[in-house]
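# Coordinate inspection notes
Each chain, written out:
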Amino acid sequence: MYRVRQNFLAGARLCLAIALLLQGCTAKRRAEAPIKIRWAHDPENLDPMVMANQTAIDAINLLNCSLLQADFTTNQFAPALAEALPTVQLFGDSLMRLQYTIRPEAAWDTGRPVLATDVAFTLKLMFCPGLPNAGPGGQYRFIREVLIDPRNPRRFSFVCTSQAVEYVQASGDFFILPEAALDPKGELRAFSLAALQQRPASAPPNAVLEALSRRYAAAAPGQTPARLPGCGPYQLVKWEKDRYLRFARKPHWWADRVPHRPFVLQARPAQLEYAIIPDAATASLALQRGDIDVFPQMPTREFTRLRKAPATRANLNFYTTASYDVVTVGFNTRRPALSDALTRQALGRCFDAAGILQGSELGEGQRTVGLLNPADRLNYNDSLAPVPFDPAGAVALLRRAGWQRGATTEAGWRRNSSQGPQQLRLVMRYRTDEQLFATIALQFQAAAASIGVPVSLQPTESGAFSMALRNGEFDVYVRALRGNPFMFNFTPFLHSQAIGAGNNTGFSTPESDQLIAAIAAANTAPRRAQLLRRFQGLMQQEMPLLPLFFLSNHIAAQKRLTGLHPTSLKPGFAAMAIGEAAAPPTAP
Amino acid sequence: MGRLFLWRLLRTALAVWALASGVFLLSHLEGDTAVELAQPDLAELRTTGRASTLAARQTLDLATRHRLGLDIPLFYVGTHRPTSATAGQWHWNGLPNQYHRWLVGLLQGEFGTSYRTGESVGSRLLQALLFTLPLTGTAATLAVLLALVLAQRLAARPGWHRPVRGALVALQALPLFVIALGLLLFFANPAMLVWFPSYGLDQAVDAEMGVGEQLPFYLWHMTLPVAALTLSALPELTLQLTAALEQELGAGYATTARAKGLAERAVIRHHALRNALLPSLAQLAELLPALVAGAVVVEVAFALPGMGRLLAEAAAARDFPVLVGGVLLIGAARLLALLLTDLLSLWADPRIRWQR
């Protein structure tokens, strides 16, 4: 008995020693702790030309600067590297010149100033062969020429091939790269931007371009961003794949010298660390323990649970903002049974958007009439009503579309058309990795079955889902489209030109094509708003897509953090503006 | 014996090559999906970020194929090639093909580069293995040792054997994610006990500290993941070995040993155990590849960077070089484990003979 007691006491002492040791180490760590933010996955690639995913964009944003950056306090673009928003000059009926001046303080880490030549170099890089520039190459083709002011090396103008109002802001939304790091001799200056844009893929290899491509590959900015250092406020200190990324504030960042520093040039945390925690339940535990400081995009149920729990309410702040992610149903209009608007409208009445929003998202989120966010008061068509859940109305619409219900439930709906007899029987696809989509699909299946339309569900793996959409192997799909307040060009996914490219529904009418083109070319905001309102009405009538609701963005953060500036823009808060409240004085 | 071993080794190497080749060719048939996923996400409504016409899309596809090395034929022979007028006819593609390029690289020790990150696949796999092997290796060792101890005790049918067996059966019925989350919720939850960290290896493990300081951190972080894996592997090993031991204890030689006056423990340890081990050795052959493959569920639950997560994400993103490299490693581990099991079986029962 005595021996057992001795063993127990020895074990207890050992445990106490280990606990004290760990406690000491933890305390030491906390004192030097950076602000820790949860990411669900690794950014994988930090190449500013690739911008593979949202986490990569967030990381690249810390390392680089663009001419204009989104201001989370106003949800508008604001000047960052540029001194001011560009001045606009219109020429004829299609050309536009946007003039920028770079801030005099703007400089690379070497002390060299950021100049117009760097901007021109970055744009040319987007069209150099052999670089991973497919994304930006498609995005900035509207800039045809960069005219550098011979009297001021920081002033330049973009010559744009369209007068679209959205190009004014888009023209400044790319990260500027240092010419000296990749092209120290300035050999790319011999090529004009237009020549690179028009260079055919079959053109004979050019020694200068090949050498540049090799230098870019050797720099491997996707994995070692320090070899292509940007002029952003942070540098990457450590990147452990699938574990964390740590960024440290540059001690002498150029924007520190800017008088009356605007919000977009704020960089308050000395260190930022992004912890990669794939599982939301694990991340929630880490937040409750104080192992991480910010949990963005928290699942709604967990967010609501923590917000209601007294223990967590005392330690955490909770923020909810409307996101620009819209859950959307798409109909394959190439299918004969779905080729007419009345049938699509009927099926649209089988989605109980309000019920799903209440059941799955606990009422958080916002119903919508179209792809534009209701928060966009100028452009959102508030004279329209969201499509109601109305199975009886769906039956009436199906009859108007020429469908006749069989004598038995199994017979379903049939109609005769010029292409032969048709039967209304649908295959619905959705991604397996999102419970919300499964809920929507099941609700639709049940509602459709109640009016005699058989729907078979095909939950599909993410990659296979993308291919199925591209190949038109679906009747109906549901997914989330991730938008932003600056996107008004619907050409890539609703124009007839994009059928086979991004227009998965196969929808097109001459009227919608004209309207999309007019919106893309609108040169004033009021004119564009007028067209957008008409477009939303037309889309609700034709219904190739049925936007159900906008999702909410939930953020939970430690109470000591200030200045998160929750926003509807991705990533949902301003990491660079976060500060820490002074700790309350401890009792003597 | 030596020649036979070499022959088996050669057969194993051939089987690994055939397996990897099969996976390479089958996966690359899905090259279109890899091209699709390597392009800007269609669900992202950027300003003008995507190809807005069919022609632009085809140009983008072509450029992406070229970048990923998918613009040359897949194999030495094929049924169609871009310049061929008659599709569906078999013809010789020549040496510049994807398989030949991969095989030559493999013989030079190159696994290729990741589609997603552009990193060398070899270094990425090595990086993941450095995290996975200590985790799965420790868990497998603990599970085997505990199973050996527990099975010998249970086979002797002490008073507590029924509840323990019941608990083991219940544990086996639990999916790994339930065990992992259960451990997290009990031992890393401020609402319960806060004994262990809630997620993976945070930066403290990499901090510039001595090994003496880092080791407690490392062990502290690895306790729950190792416990989850051990608990999930333990029931199967224990119940199997217990059943085999019980069968052996009913055999004549065990009765003779008891009649000689040997204690039950001695009968188990010195007579029955070696005979009962044969089926368990086959289980070890299952356990060994899992050491390399990692445990994706535990890695996700505890935010650990291992092979399981790497391969699961590579499969989802159609990152074929990483996927094929991983399959090659796991396949080699599995076939070597089979070879090792055969050798151990020979040791356990010398009456077993290898046949060609």
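Residues numbered from 1 in each chain as written. Chains lettered and ligands numbered in written order. Predicted model: local features only at pLDDT ≥ 70, side-chain atom pairs only at ≥ 80, totals over all residues. Heavy atoms only, no water.

The name an unreviewed UniProt entry assigns to chain B is ABC transporter permease, from the organism Hymenobacter mellowenesis. According to its UniProt record, chain B has this under Subcellular location (unreviewed entry): "Cell membrane". (UniProt positions renumbered as here; feature names shortened; annotations may be inferred.)

All names here are of chain B. According to the stated counting rule, one finds 29 aromatic pairs over all chains in the structure shown. Relative to W102, the ring of F24 has its centre 4.8 Å away and its plane inclined at 20°; by these criteria the two rings are stacked. Within this pair, whereas F24 is found in helix α1 (residues 2-28), its partner W102 is found in helix α4 (residues 98-107), the two being separated by 78 residues in sequence. The exposure class assigned to F24 is buried, which follows from its relative accessible area of 4%. (Phe/Tyr/Trp six-rings, centres within 6.5 Å; stacked < 30°, edge-to-face > 60°. Helix = DSSP H or I, 4+ residues; strand = E, 2+ residues; numbered from the N terminus. Buried < 20%, exposed > 50% of the residue type's maximum accessible area, 1.4 Å probe, protein only.)

This part covers the domain arrangement of chain B. The domain architecture assigned to chain B consists of domain 1 (30-71) and domain 2 (126-306 + 339-348). Taking only C-alpha atoms, the centre of domain 1 of chain B and the centre of domain 2 of chain B are 46 Å apart. (Domains from an automatic or database assignment.)

This part takes up the confidence of the model for chain B. Averaged over chain B, the pLDDT score is 86; the fraction of residues at 70 or greater is 91%. Under the prediction, the complex receives an ipTM of 0.86, its pTM being 0.88. (pLDDT = per-residue confidence, 0-100.)

The next point concerns the interface of chain A and chain B. Contacts between chain A and chain B engage 66 residues on the former and 58 residues on the latter. Interface of chain A and chain B: buried area, both sides summed, is about 5500 Å²; carbon and sulfur atoms make up 54% of it. It is R243, R289 and R482 of chain A that lose the most area in chain A upon contact with chain B, and together they represent 13% of the buried surface on that side. Our enumeration of links across chain A and chain B arrives at seven salt bridges. The partner of R470 of chain A in a salt bridge is D61 of chain B, and the shortest N-O contact between them spans 2.5 Å. Between chain A and chain B we count 15 residue pairs in polar contact (both at pLDDT 80 or more) in total. Of the residues that constitute the side of chain A that touches chain B, the class distribution is 30 nonpolar, 17 polar and 19 charged. (Contact = heavy atoms within 4.5 Å. Buried area = accessible area lost by both parts, 1.4 Å probe. Salt bridge = Lys/Arg side-chain N within 4 Å of Asp/Glu carboxyl O. Polar contact = N/O pair within 3.5 Å; in protein donor to acceptor, adjacent residues only side chain to side chain. Nonpolar A, V, L, I, M, F, W, Y, C, P; charged D, E, K, R; others polar.)

Here the focus is helix α2 (residues 54-63) of chain A. Residue and element names in this part refer to chain A. With seven of its 10 residues buried, α2 lies for the most part within the structure. The complete set of buried residues in α2 reads T55, A56, D58, A59, I60, L62 and L63. Buried residues belonging to α2 abut β1 (35-39), β8 (234-240), β9 (244-249) and β10 (271-276).

Residues and elements named next belong to chain A. For the pair helix α12 (residues 341-348) and helix α19 (residues 525-542), the least separation of the axes is 7 Å and the interaxial angle reads 85°. With respect to each other, α12 and α19 are oriented roughly perpendicular. Note on element contacts: α19 touches α12 through Q540, Q541 and E542, opposite A341, R344 and Q345. Residue classes in the contact of α12 with α19 are distributed as one nonpolar, three polar and two charged. (Axes fitted to C-alpha atoms, helices over the stretch in contact; angles between N-to-C directions. Parallel < 35°, antiparallel > 145°, perpendicular 65-115°, else oblique.)

This part is about the nonpolar core. Residues and elements named next belong to chain A. In this structure, L67, F158 and W254 are the most contacted members of the largest nonpolar core, which totals 92 residues. If one sorts the elements of this core by residue count, helix α3 (residues 116-125) sits on top with six residues. Discounting chain neighbours no more than four positions away, the residues touching F158 are L67, M96, R97, L98, Y100, V119, L123, I143, E145, V146, S171 and F174. Membership of the second largest hydrophobic core comes to 43 residues, among which are F331, L338, L436 and A438. (Core = buried A, V, L, I, M, F, W, Y, C linked by side-chain atoms within 4.5 Å.)

The next thing to look at is the side chain of E119 of chain B. Along the polypeptide, E119 of chain B turns up in the loop between α4 and α5 (121-155). Judged by its relative accessible area of 13%, E119 of chain B falls in the buried class. Side-chain polar atoms of E119 of chain B contact the side chain of T117 of chain B, separated by 3.2 Å. Residue contacts for E119 of chain B: discarding those within four places in its chain leaves Q223 and K241 of chain A together with G112, T113, S114, R124 and Q127 of chain B.

In this section: the UniProt feature "transmembrane region" (unreviewed entry) in chain B. The UniProt record annotates "transmembrane region" (unreviewed entry) at residues 125-150, 171-197, 284-304 and 324-348 of chain B. Annotated as residues 125-150 of chain B, this span is 100% helix and 0% strand, and its ends, taken at the C-alpha atoms, are 35 Å apart.

Moving on, we come to the environment of S552 of chain A. All names here are of chain A. By secondary structure assignment, the location of S552 is in strand β20 (residues 545-558). Residue class for S552 comes out buried when judged on its relative accessible area of 18%. Leaving out residues up to four positions away in the same chain, S552 has contacts with T320, T321, S323, E364 and G365. A polar atom in the side chain of S552 sits 3.1 Å from the backbone nitrogen of G365.

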